[in-house]
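Observations on the three-dimensional arrangement
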Amino acid sequence: MNSILNILIDIASTPAILVALIAVLGLGLQKKPISDVVRGGIKTFVGFLVVTAGAGVIEGSLAPFGEMFQHAFNMQGVVPNNEAIVALALTKYGTYTALIMLAGMAFNILIARITRFKYIYLTGHATLYMACMIAVIMSVTKMSAVPLVLVGGLALGLANTIFPAIAQPFTKQITKNDSVALGHTGNFGYALSGFIGKYVGNKEKSTEDINFPKGLSFLRDSTVSITLTMGIVYTIVALFAGNDFISKNLSNGTNYIIYALQQAGMFAAGVFVILAGVRLILAEIVPAFKGISEKLVPNSIPALDCPIVFPYAPNAVLIGFLTSFVGGIVSLFIMIATGTTVIIPGVVPHFFCGATAGVFGNATGGVRGAVVGSFIHGVIISFMPILLMPVMGDLGFQGSTFSDTDYGVTGIFLGKLADMGGQIAVVAGVLAVLALLIGLTVFGKKKVNETKEAA
């Protein structure tokens, strides 16, 4: 039984396999020729592996940057890192995490079926991480096993339905259609960035229309501009960190400036690979999902990982990352000045989430929207972990914590309910959210019917 469960968890938490199977299922339900089914499944599988490879390259280049930054400016504190905190949590809460994950995916499909919120969350690793955080918080309430899994799974299913829905109005502005949604754990922050951009910027002045002087027109190539910009950033941090530290601890003897430039180039290469993989995925998964929409969950929309929006505004990706990171640095100095727990800016979350926030801010407010939206996003993902850490019991103070906004919103919501009324409050709160979604669905149908009758 455990071996079967482990296989199911491995499939569900491996995006490439999960989404490839979804593509195969969708094409099969459309009764496509076997050749089309095989081709669609393989290309989707490879596309996700390409995106994963690109993400790995970026994370590999950002890891030494984070070490250089902490050494250069002599900063110690909590570093938000989803992978690190999940690795710690799984040693104690692994079984509950696995069961909540499977229950959450089932509840997500059920909620999409019975409500007007038709989002099927396909980002497996994000689902695993959210399940892990929920398992920790639910365990703190001392709830027994069966209700813990059921209520935790329902909470996960609701989160995986609600957060894509919150971001979807802005996602549609980016993609110009309603065929795909965003399934990532920063959706609350992205939606907030899009909302802010709407009021502080001008979407007619897009980051992608930045006018470079004729002699600098080559900077319109995103690969060139990202390489040069990150080369400058890496070099500045390397100069502060010093040759001795970098040569001994990071570069294996390579000159620190050369090493910095190499890592900047690797970062740009990772972005290039991600963009290629995203195009491959979207070309296959959206048509394949039509079969699922027609048969299992009518009008369902796949919610995919955050890099799906990167090709729509590559300049905003870079602007969003840099300004979100600046927001993290500003927040760090505020924390030092006020004597709170110090959250060291996590370069990986500031890239993936900050870059995405930049794309959302640009969609509604152009350059100014991308800058302001992602800066505020950077501040939020710096301070939100301070509120999240206390609700996670002993695990909350292990030198790392969850970083993205959706973890913060979900965790703080469940944790505060537990603090106020224990298990009963948590169950009541989760059921109230489900009732709200069903109520909005009924109200929406009633409104549509009234409009048809009036016409």
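Just so it is clear, the structure is predicted and the values come from calculations on it, not from any experiment.

Notes on the environment of Val-37
Its place among the elements puts Val-37 in helix H3 (residues 34–72). C-alpha separation for the pair Val-37 and Gly-26, spaced eleven residues apart in sequence, amounts to 8.7 Å.

A word on a nonpolar patch on the surface
Taken together, the side chains of Ile-17, Leu-21, Ile-34, Val-38, Ile-42, Phe-45, Val-46 and Leu-49 define a hydrophobic patch exposed on the protein surface, amounting to about 680 Å² of accessible area. Elements represented by at least two residues in the nonpolar patch include exactly helix H2 (15–29) and H3. Among the elements that make up the nonpolar patch, the one with the highest residue count is H3 (six residues). Along the chain, Leu-49 falls in helix H3. You can call Leu-49 partly exposed: its relative accessible area is 40%.

Remarks on the pairing of strand E4 (residues 301–304)
The side-chain alternation of E4 yields two buried faces, one formed by Ile-301 and Ala-303 and the other by Pro-302 and Leu-304. For strand E2 (residues 119–121) and E4, the ladder comprises three bridges, and the chain directions are parallel. Counted as the bridge partner of Ile-120 is Pro-302 from E4.

Structural notes on the side chain of Glu-208
For Glu-208, the position within the fold is in the loop between helix H7 (187–200) and helix H8 (222–241). From its side chain, Glu-208 meets the backbone nitrogen of Ala-316 in a polar contact 3.2 Å long.

Structural notes on the side chain of Asn-362
Following the sequence through the fold, Asn-362 ends up in helix H12 (residues 347–388). Ignoring anything within four residues of it in the chain, the contact list for Asn-362 reads Lys-203, Ser-206, Thr-207, Ala-313, Ala-316, Val-367, Gly-369 and Ala-370.

Focus on the layout of surface pockets
Here the largest pocket is characterised by a volume of approximately 500 Å³. Every element with two or more residues in the lining of the largest pocket is listed here: H2, H3, helix H4 (82–114), helix H5 (124–140) and H12. If one sorts the elements of the lining of the largest pocket by residue count, H3 sits on top with seven residues. Its residues assigned to classes, the lining of the largest pocket shows 16 nonpolar, nine polar and four charged. Here the second largest pocket is characterised by a volume of approximately 300 Å³. Taken together, 16 residues make up the lining of the second largest pocket; nearest its centre are Ile-22, Leu-25, Ile-109, Ile-120 and Leu-122. Every element with two or more residues in the lining of the second largest pocket is listed here: H2, H4, E2 and helix H10 (256–295). Here the residues of the lining of the second largest pocket sort into 15 nonpolar, one polar and no charged.

Topic: empty space enclosed by the protein
Counted under the stated rule, the structure contains two cavities of 30 Å³ or more. In this structure, the largest cavity encloses a volume near 40 Å³. As for the largest cavity, its lining consists of Pro-80, Ile-343, Ile-344, Pro-345, Gly-346, Pro-349, His-350, Ile-381, Ser-382 and Ser-403. In terms of residue count, H12 provides more of the lining of the largest cavity than any other element does, four residues in total. Residue composition of the lining of the largest cavity, by class: six nonpolar, four polar and no charged.

Comments concerning the packing of helix H6 (residues 145–175) against H7
Orientation of H6 relative to H7, taken along the N-to-C sense of each, is 25 degrees, at an axis distance of 8 Å. Taken together, the axis directions place H6 and H7 in an arrangement best described as roughly parallel. Taken as a pair, H6 and H7 cross one another with a handedness that is left-handed. Residues Phe-163, Pro-164, Ile-166, Ala-167 and Phe-170 of H6 touch H7, and the partners they reach there are Asn-187, Phe-188, Ala-191, Gly-194 and Phe-195. For the contact of H6 with H7, the class distribution of residues is eight nonpolar, two polar and no charged.

A look at the sheet that holds E2
Strand pairing in a sheet relies on backbone hydrogen bonds, with the paired strands running either antiparallel or parallel. Pairing within the open sheet is parallel, and its three strands lie in the order E2-E4-E3. The open sheet terminates on both sides in strands that have one partner only, identified here as E2 and strand E3 (181–182). Running over the sheet, H6 touches E2, E3 and E4 and is turned about 115 degrees from E2.

So, the packing of aromatic side chains
Here the distance between the centres and the angle between the planes together describe a pair of aromatic rings. Under the counting rule described, the total for this entry stands at nine aromatic pairs. Ring geometry for Phe-321 against Phe-351: centres 5.5 Å apart, planes inclined by 80 degrees, an arrangement best described as edge-to-face. Here Phe-351 lies in helix H12 and Phe-321 lies in helix H11 (residues 314–338), a separation of 30 residues in the sequence. Taken as a pair, Phe-321 and Phe-351 share a single burial class, namely buried. An aromatic cluster of three or more residues is present, and its members are Phe-267, Phe-310, Phe-321, Phe-325, Phe-351 and Phe-352.

The rules behind these values
Residues numbered from 1 in each chain as written. Predicted model: local features only at pLDDT ≥ 70, side-chain atom pairs only at ≥ 80, totals over all residues. Heavy atoms only, no water. Helix = DSSP H or I, 4+ residues; strand = E, 2+ residues; numbered from the N terminus. Patch = residues over 30% accessible without salt bridge, like charges linked within 9 Å, V, L, I, M, F, W, Y side chains within 5 Å. Areas by Shrake-Rupley, 256 points an atom, 1.4 Å probe, with all protein chains shown as cover. Salt bridge = Lys/Arg side-chain N within 4 Å of Asp/Glu carboxyl O. Buried < 20%, exposed > 50% of the residue type's maximum accessible area, 1.4 Å probe, protein only. Pairing = 2+ DSSP bridges. Polar contact = N/O pair within 3.5 Å; in protein donor to acceptor, adjacent residues only side chain to side chain. Contact = heavy atoms within 4.5 Å. 1 Å grid on protein atoms, 1.4 Å probe; cavity = no way out; pocket = protein on both sides within 12 Å on 5 of 7 lines; lining within 4 Å. Points joined across faces, edges and corners; volume = space filled by probe spheres on them. Nonpolar A, V, L, I, M, F, W, Y, C, P; charged D, E, K, R; others polar. Axes fitted to C-alpha atoms, helices over the stretch in contact; angles between N-to-C directions. Parallel < 35°, antiparallel > 145°, perpendicular 65-115°, else oblique. Left-handed = near helix turned anticlockwise from the far one by under 90°. Phe/Tyr/Trp six-rings, centres within 6.5 Å; stacked < 30°, edge-to-face > 60°.

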